Amino acid sequence: MNYNAREGSTEPAYSADEMMAVEAARRLTSDNVCFVGVGLPSLAANLARRTHAPGCVLVYESGTIGAKPTRLPLSIGDGELAETADSVVSVPEMFAYWLQSGRIDVGFLGAAQIDRRGNLNSTVIGDYESPKVRLPGGGGAPEIATSVDNVFVMLRQTPRAFVEQLDFKTSRGERVRVVVTDLGVLEPRGGELTLVRVHPGVSVGDARAATGWELAVARDVGETSPPSEAELTALRALEAA
């Protein structure tokens, strides 16, 4: 769904996913070394590199370091990542030398469930031995969650995803610094994820209704800035290439 920031606004229309990608991209700088996944995290990281953070180093789990794709990669195995990278290393070296040794400072994660502490579940829905849904699993997520200083989570906000109790804890949430959703932005305050901003057209009540626990709200809760025309142009160029 496309929408304007406010009724009658002359600003360009944008989608919820575009708002998420832009807001996450704004948090990256040219000083960051960023562990990137596919989908929205890849879109956000590549948008940052194309706009305000050209020095941001993108690292993909396939072993590509300093990848500079001209279009949004189809997967972590997309050949353009290797072709445009500064270096390509083995996956064991990627994790042991680059990730676990602290050479990467930002890591993007997604999940099927998140709790108020930022813990994530990407393993099962339901009982582990007899689950309703068997999910892809942790992959490199547990290592990312404990090895980078700053974990950025991107996740659509619904009561099914934002739960009081995880069905399985795949990744720990101690290093989650921000959760960017289609409704707003959450940051940890006092050990609990707290709503600090809502996107244009979204109310605090909307965010609370989409959360499976009693969502804490910052006293100074604000509103995110809608995507600029320049941000949308750069973002859509990535998707269209």
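Located above this text is the structure these notes cover.
Residues numbered from 1 in each chain as written. Predicted model: local features only at pLDDT ≥ 70, side-chain atom pairs only at ≥ 80, totals over all residues. Heavy atoms only, no water.

Asker: Help me get a handle on the overall build of the protein chain, residues and values and all.
Answerer: When you go through the protein chain residue by residue, the secondary structure sums to seven helices and 16 strands. Since a compact globule built from 241 residues should have a radius of gyration of about 18 Å, the 18 Å found for the protein chain is in line with a globular shape. When the backbone C-alpha atoms are referred to their principal axes, the protein chain occupies close to 50 × 45 × 30 Å. Taking contacts inside the protein chain between residues at least 6 apart in sequence as the whole, the part at least 24 apart equals 62%. Taken as a whole, the protein chain presents about 11,000 Å² of accessible surface, with 49% of it coming from carbon and sulfur. Counting 23 positive and 31 negative side-chain charges, the protein chain places the centres of these two groups 3 Å from one another. (Helix = DSSP H or I, 4+ residues; strand = E, 2+ residues; numbered from the N terminus. Rg over C-alpha atoms; globule rule 2.2 N^0.38 Å. Contact = heavy atoms within 4.5 Å. Areas by Shrake-Rupley, 256 points an atom, 1.4 Å probe, with all protein chains shown as cover. Lys, Arg positive; Asp, Glu negative; His and termini not counted. Charge placed at Lys NZ, Arg CZ, Asp CG, Glu CD.)

Asker: Which residues make up the nonpolar core, and what values go with them?
Answerer: Among the nonpolar cores identified, the biggest contains 32 residues, and Phe35, Ile114, Val153, Phe162 and Val179 are the most heavily contacted of them. For this core, the secondary structure elements donating two or more residues are α4 (91-99), α5 (141-147), β12 (150-154), β13 (176-180) and β15 (192-198). The contacts of valine 153, once residues within four sequence positions are left out, are Leu109, Ile114, Leu120, Val176, Val178, Val179 and Val180. Judged by nonpolar contacts, the second largest core, of 31 residues, contains Ala21, Val36, Leu43 and Val185. (Core = buried A, V, L, I, M, F, W, Y, C linked by side-chain atoms within 4.5 Å. Buried < 20%, exposed > 50% of the residue type's maximum accessible area, 1.4 Å probe, protein only.)

Asker: Mind laying out the pattern of salt bridges, listing which residues take part and the relevant values?
Answerer: With the rule as written, the count across this model stands at 15 salt bridges. For glutamate 18, the salt bridge goes to arginine 236, with nearest N and O atoms at 2.8 Å. With a gap of 218 residues between them, glutamate 18 in helix α1 (residues 16-25) and arginine 236 in helix α7 (residues 229-240) connect regions that are remote in the sequence. By relative accessible area, which is 8% here, glutamate 18 ends up buried. Residue arginine 236 is classed as partly exposed on the basis of its relative accessible area, which comes to 33%. Salt-bridge contacts for glutamate 192 lead to arginine 116; the nearest nitrogen and oxygen are separated by 3.2 Å. You can see glutamate 192 sitting in strand β15 and its partner arginine 116 sitting in the loop between β8 (113-114) and β9 (120-121), a full 76 residues away along the chain. The class of glutamate 192 is buried, set by a relative accessible area of 18%. (Salt bridge = Lys/Arg side-chain N within 4 Å of Asp/Glu carboxyl O.)

Asker: Outline the packing of aromatic side chains, supporting the account with residue identities and numerical values.
Answerer: Think of a pair of aromatic rings as described by two things: how far the centres are apart, and how the planes are tilted against each other in angle. The full count for this structure, using the stated rule, is five aromatic pairs. Between tyrosine 97 and tryptophan 98 the ring centres are 5.4 Å apart and the planes differ by 80°, which places this aromatic pair in the edge-to-face class. Judged by its relative accessible area of 40%, tyrosine 97 is partly exposed. Assessed through its relative accessible area of 23%, tryptophan 98 is described here as partly exposed. Seen in terms of ring centroids, phenylalanine 108 and phenylalanine 152 are 5.5 Å apart; in terms of plane orientation they differ by 90°. Their pairing is edge-to-face. (Phe/Tyr/Trp six-rings, centres within 6.5 Å; stacked < 30°, edge-to-face > 60°.)

Asker: Quick one: what's the story with the side chain of aspartate 182, residue by residue and with numbers?
Answerer: Locating aspartate 182 in the fold gives a position in the loop between β13 and β14 (184-189). Side-chain polar atoms of aspartate 182 contact the side chain of arginine 156, separated by 3.2 Å. Of the polar contacts made by the side chain of aspartate 182, one reaches the backbone nitrogen of glutamine 157; its length is 2.8 Å. In this view, aspartate 182 contacts Ala16, Met20, Leu155, Arg156, Gln157 and His199; residues no more than four positions away in its chain are not counted. (Polar contact = N/O pair within 3.5 Å; in protein donor to acceptor, adjacent residues only side chain to side chain.)

Asker: Can you lay out the packing of helix α2 (residues 40-50) against α7 for me, pointing to particular residues and giving the numbers?
Answerer: Remark: α2 packs on α7, axes separated minimally by 10 Å, with the N-to-C direction vectors making an angle of 125°. With respect to α7, the element α2 is oriented oblique. Seen along the crossing, α2 lies across α7 with a hand that is right-handed. When α2 is examined against α7, the residues Leu43, Asn46, Leu47 and Arg50 are found in contact with a partner set consisting of Glu231, Ala234, Leu235, Ala237, Leu238 and Glu239. Along the lines of polarity and charge, the residues of the contact of α2 with α7 split into six nonpolar, one polar and three charged. (Axes fitted to C-alpha atoms, helices over the stretch in contact; angles between N-to-C directions. Parallel < 35°, antiparallel > 145°, perpendicular 65-115°, else oblique. Left-handed = near helix turned anticlockwise from the far one by under 90°. Nonpolar A, V, L, I, M, F, W, Y, C, P; charged D, E, K, R; others polar.)

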